[in-house]
Amino acid sequence: MIKVSKKKRKNPDSQDTIKFIRENSINFHKIGQGGEGIVFYFKLNKSLVVDVEILKPGEYTFKLFRNNSGERPLRRSKILKIYSKYGLIPKIYLINNNYSISDYIHGHSLNYVYEHFPKSIPNINYKLDKLRKIWYKLGFEHGDMTSDNILIS
C-alpha cells in the first residue's frame, strides 16, 4: 500500500525568488521604490520558469511588496489583473501576496518629460486628461496616478 501525504504547498519565499531570478537573468537591478514596495528590473535571454509561470526571453519588472502583514489584499490583486488584461497597465505574469512580475516599459516618467521637453506639456496634458476621462467613464480608477508613475514613450 502506498500512502500519499497531503502536504500544503507553501508560497515560494520572496528572497528565494529574487535570488533565483538574479542568478538566471543577464541583468538584475533596482529601478525604484514607492509606497507599495521595491521594483527591480531584469532581462532574460532564455525562458525561465518562476513559480508556475514560464517567462520568455525579454525584459520584466519584479515588484517586492512592502506589507507588514505578509498578505496582499485579494481585491487589489484582482483589480490589477483586470487592468493588465485590458492593457491599462503592463502585462502581469505573476502576482501573489509577496511580489508581482510584469512587463517592463521603456519610457520616461512624466516628470522627466516635463523637465526636458517643456514645449510638449500642453499636448501631453491634453492627451492625459482625455485618457483619464475614458478610464473613469469605464469605471477604472488608479490610486497611484503620480507623475512618476506615468510613463511616456
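Relevant structure appears above.
Small disclaimer: the values here were computed from a predicted structure and weren't measured.

**Student:** Would you take a moment to explain the pairing of strand β7 (residues 99-103) for this structure?
**Tutor:** The side chains of a regular strand alternate between the sheet's two faces. The buried fraction of β7 is high, at 4 of 5 residues. Of the strand pairs in this sheet, strand β5 (residues 58-65) and β7 are connected by 5 bridges, and their pairing is antiparallel. Note on β7: the bridge partner recorded for Tyr-60 is Asp-103. Note: strand β6 (residues 92-95) against β7, 3 bridges, orientation antiparallel. Along β7, the bridge assignment pairs Ile-95 with Ser-100.

**Student:** What is the right way to read the nonpolar core from this model?
**Tutor:** Most often, soluble globular proteins have nonpolar side chains that are buried together. The biggest cluster of nonpolar side chains holds 15 residues, and the ones touching the most others in it are Ile-21, Phe-42, Val-50, Leu-55, Phe-62 and Ile-101. Of all elements in the fold, only α1 (14-24), β2 (37-44), β3 (48-50), β5 and β7 reach the threshold of two or more residues within this core. Setting aside residues up to four positions removed in sequence, Phe-62 forms contacts with Ser-14, Thr-17, Ile-18, Ile-21, Ile-38, Val-39, Phe-40, Phe-42, Tyr-99, Ser-100 and Ile-101. By size, the runner-up hydrophobic cluster in this structure holds 8 residues, among which are Ile-89, Ile-95, Trp-135 and Phe-140.

**Student:** What's the story with helix α4 (residues 121-137) in this structure? I'm lost.
**Tutor:** Residues lying three or four places apart along an α-helix face the same way, a consequence of the helix completing one turn every 3.6 residues. Spanning 17 residues, α4 covers 24 Å between terminal C-alpha atoms, matching the ideal 24 Å at 1.5 Å per step. All buried positions along α4 are accounted for by Ile-124, Leu-128 and Trp-135. For α4, the angular spread of the buried residues around the axis is 30 degrees, confining them to a single face. Exposed side of α4, more than 90 degrees from the buried face: Pro-122, Tyr-126, Lys-133 and Lys-137 are the residues found there.

**Student:** How do you make sense of a nonpolar patch on the surface when you look at a structure like this?
**Tutor:** Among the surface-exposed residues, Leu-131, Ile-134 and Leu-138 lie close enough to one another that they form a single nonpolar patch of about 300 Å² accessible area. Looking at the secondary structure, you find Leu-131 in helix α4.

**Student:** Please explain the pattern of salt bridges as it appears in this structure.
**Tutor:** Side chains bearing opposite charge may pair, as long as their charged atoms lie close to each other. Tallied over the full model, the rule gives 2 salt bridges. Residue Glu-36 is joined to Lys-63 by a salt bridge in which the shortest nitrogen-to-oxygen separation is 2.9 Å. Of this pair, Glu-36 sits in the loop between β1 (27-33) and β2 while Lys-63 sits in strand β5, and the two are 27 residues apart along the sequence. By relative accessible area, Lys-63 is classed as partly exposed at 23%. Here Arg-132 and Asp-129 are joined by a salt bridge, their closest N and O atoms 3.6 Å apart. You can see Arg-132 and its partner Asp-129 sitting in helix α4, 3 residues apart, about one turn around the helix. The exposure class assigned to Asp-129 is partly exposed, which follows from its relative accessible area of 39%.

The rules behind each value
Residues numbered from 1 in each chain as written. Predicted model: local features only at pLDDT ≥ 70, side-chain atom pairs only at ≥ 80, totals over all residues. Heavy atoms only, no water. Buried < 20%, exposed > 50% of the residue type's maximum accessible area, 1.4 Å probe, protein only. Helix = DSSP H or I, 4+ residues; strand = E, 2+ residues; numbered from the N terminus. Pairing = 2+ DSSP bridges. Core = buried A, V, L, I, M, F, W, Y, C linked by side-chain atoms within 4.5 Å. Contact = heavy atoms within 4.5 Å. Expected span 1.5 Å × (residues − 1). Arc of directions from axis to C-beta. Patch = residues over 30% accessible without salt bridge, like charges linked within 9 Å, V, L, I, M, F, W, Y side chains within 5 Å. Areas by Shrake-Rupley, 256 points an atom, 1.4 Å probe, with all protein chains shown as cover. Salt bridge = Lys/Arg side-chain N within 4 Å of Asp/Glu carboxyl O.

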